[in-house]
Amino acid sequence: MSGVRWRVSLLFALITLSIFFSLLANSDRFMEFSGNGTYTQTGTGSLNNSIINLTNRLEADNHEARLNAAAELGEIGRPAANNLVDKIASNNSSSEEINSYMLLALLETGDDRAENILSENFEKIGASNNATNESKAEEWKQGTSEDTLQAIEAKDTTTRKYIADSIAMDSARAGDRGETNAFERALKSETQNSSIYVPFALSDFGPEEPGSETEKLLKALKSNKGSTRVAAMMALGEMREEAAVNPIIGILTKDYPPVQASAAIALGKIGDERAVEVLRKEMKDGDNEYVKGSSAIALARIGDENSVPYIIDRLRDQRIKVRSSAALALGEIGNETAVEPLIEILKTGKSTEGQKSTSLNANPDVRKSVILALGEIGSTNSSEILIGIITDKEEELEVRTAAASALGNIKDPKAVETLKQTFADETMDANIRNATFLALSKTRDQETVGMLVGKLGDEEFGAIAREALIDQGELAVGPLIENLKTEDKKIRAETALILIEIGDQRAVTPLIEAYK
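Because the structure is a prediction, the values reported are computed rather than measured.

(A) Region of interest: the environment of Glu-376. Relative to the helices and strands, Glu-376 is located in helix α19 (residues 364-377). For the pair formed by Glu-376 and Asn-335, sequence separation is 41 residues and the distance between their alpha carbons is 9.4 Å. Among the polar contacts listed, one links the side chain of Glu-376 to the side chain of Thr-148, at a separation of 2.5 Å.

And the structure:
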């Protein structure tokens, strides 16, 4: 019996040894030791795949996913660092923004090469940021706020809808309603480009029609069909085709209102000064509010400051669309001679003792447009009335929100202080507080920078704070360096990423120290 037991024990031992050596020979488990810790992974191939997958996630659309991928690459350590160093050196990332996440991931690994690589990349980032800022300074629209651009685009959208509805009625009367449905959708589309109009403009031409696309579009301006002329003008306007200016001027002076309105939009998009005189005349003497309003905005897009007195006159127009369009046009041009007439509108349209003004200047769209215009012009003379509007509960919410946005463009300590107080007031309407925070993010104020840094982890304001701090540039570097001392790993990663995107050499050593 003991012999049997001995043989069974020997057999079990042999089987165990066989399994052990088989696992030893075939398993690719290993322990990877790096400067910042130990990472366990099944197999060199699996590790490489993980590194590649995580590196690809650095290019995800989602900011959170990118940050998490950087943190996971940091846990892998040196194997990930080698891959990141190679990719950064080859400049193989899809954009400068993605390169910033690569640098953050390299920092997370704690690799010794990070300091030199950061310093080299900061030279490039700093030079790129300086070039971008200089380029922006030369752009006419650089000072135009997003709120104003959206308000102007809303005017275009309203006009295009009017044109589409007019074409629909004409088609219904002519009995060919089905042919224009797609064109109406193009006019009402949020995304505007020449390609959505070209097929409609050229629909009357056969494939044998000679000439280039532009030449055919110019021929289409002479079509007997109003919808074809509109499509051709919209396409040529989006193309900024200067050869179309004179024919479109002719249409603006002689056609019927929906087509004239599209002519005004097109001339504004092209931006040629040859259109100035006729646009002024239509804005002053035209009968249609859409044509008049679009002419005012077209003059602003051309940037003709000599038209300012003519546009100021339209602030007294008896149609709300024209008044509000004129106000936005004055804001986009940005001439200070418009400040007092704009302030006068706000005064005469103000409610008193609970009684709404009967003036057209009490209309919310007019008031909002005037306020945005004052913000674009940026005169401190308008600070007082805008401050009053933010706190005036008799004003419409959209008007008060616009006032908050406008104050962010005015370089006035009183304006900044009001914005801070408004944001700090948690009883204030959430929309106003949001607008106030956005406005504060545009001000170059040291105390505001500190507030923005403090909001980096905030679910509601964190994303805005991050973008604003990048825009603040070197002004934000000191507070951000101080913020690297946080114990919160996510906030530290956010802070490091912002410093990387700013690219200031002062941040290199603090970043290395923070990730040792």
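(B) Region of the structure containing the nonpolar core. Judged by nonpolar contacts, the single largest core of 148 residues is most densely connected at Leu-342, Leu-386 and Leu-511. Beyond its immediate stretch of four places on either side in the chain, Leu-511 contacts Leu-107, Leu-118, Phe-122, Leu-484, Ala-496, Leu-499 and Ile-500.

(C) Layout of the packing of helix α3 (residues 63-76) against helix α5 (residues 96-109). Between α3 and α5, the shortest axis-to-axis distance is 7 Å and the interhelical angle comes to 35 degrees. Note on packing geometry: the crossing formed by α3 with α5 is right-handed. Where α3 abuts α5, its residues His-63, Arg-66, Leu-67, Ala-70, Ala-71, Leu-73 and Gly-74 lie against Glu-97, Ile-98, Tyr-101, Leu-104, Ala-105, Glu-108 and Thr-109. Partitioning the contact of α3 with α5 into residue classes produces eight nonpolar, three polar and three charged.

(D) How the structure looks around the environment of Tyr-290. Tracing the backbone shows Tyr-290 in helix α15 (residues 289-302). Look at Tyr-290 and you get buried, because its relative accessible area is 15%. Tyr-290 sits 28 residues away from Ser-262 along the chain, and the two C-alpha atoms are 9.4 Å apart. Here Tyr-290 is in contact with Thr-158, Thr-159, Tyr-162, Ala-261 and Lys-321, once residues within four sequence places are set aside.

(E) Helix α22 (residues 413-424), seen in detail. Compared with the 16 Å implied by 1.5 Å per residue over 12 residues, the 17 Å span of α22 between its first and last C-alpha is a close match. Along α22, the positions that sit buried rather than exposed are Ala-415, Val-416, Thr-418, Leu-419, Lys-420, Thr-422 and Phe-423. Of the surrounding secondary structure, the elements contacted by the buried residues of α22 are α20 (383-391), α21 (397-407), α23 (430-441) and α24 (446-454). N-cap assignment for α22: the residue whose side-chain oxygen lies 3.0 Å from the backbone N of Lys-414 is Asp-412.

(F) Structural view of the pattern of salt bridges. All told, the structure shown has 34 salt bridges when counted by the stated rule. One salt bridge connects Lys-161 with Asp-165, and the closest N-O pair in it is separated by 3.0 Å. Here Lys-161 and its partner Asp-165 are both found in helix α7 (residues 146-174), four residues apart, which amounts to about one turn of the helix. By relative accessible area, Asp-165 is classed as partly exposed at 29%. Residue Arg-274 pairs with Asp-272 through a salt bridge whose shortest N-O separation is 3.0 Å.

What counts, and at which threshold
Residues numbered from 1 in each chain as written. Predicted model: local features only at pLDDT ≥ 70, side-chain atom pairs only at ≥ 80, totals over all residues. Heavy atoms only, no water. Helix = DSSP H or I, 4+ residues; strand = E, 2+ residues; numbered from the N terminus. Polar contact = N/O pair within 3.5 Å; in protein donor to acceptor, adjacent residues only side chain to side chain. Core = buried A, V, L, I, M, F, W, Y, C linked by side-chain atoms within 4.5 Å. Buried < 20%, exposed > 50% of the residue type's maximum accessible area, 1.4 Å probe, protein only. Contact = heavy atoms within 4.5 Å. Axes fitted to C-alpha atoms, helices over the stretch in contact; angles between N-to-C directions. Left-handed = near helix turned anticlockwise from the far one by under 90°. Nonpolar A, V, L, I, M, F, W, Y, C, P; charged D, E, K, R; others polar. Expected span 1.5 Å × (residues − 1). Salt bridge = Lys/Arg side-chain N within 4 Å of Asp/Glu carboxyl O.

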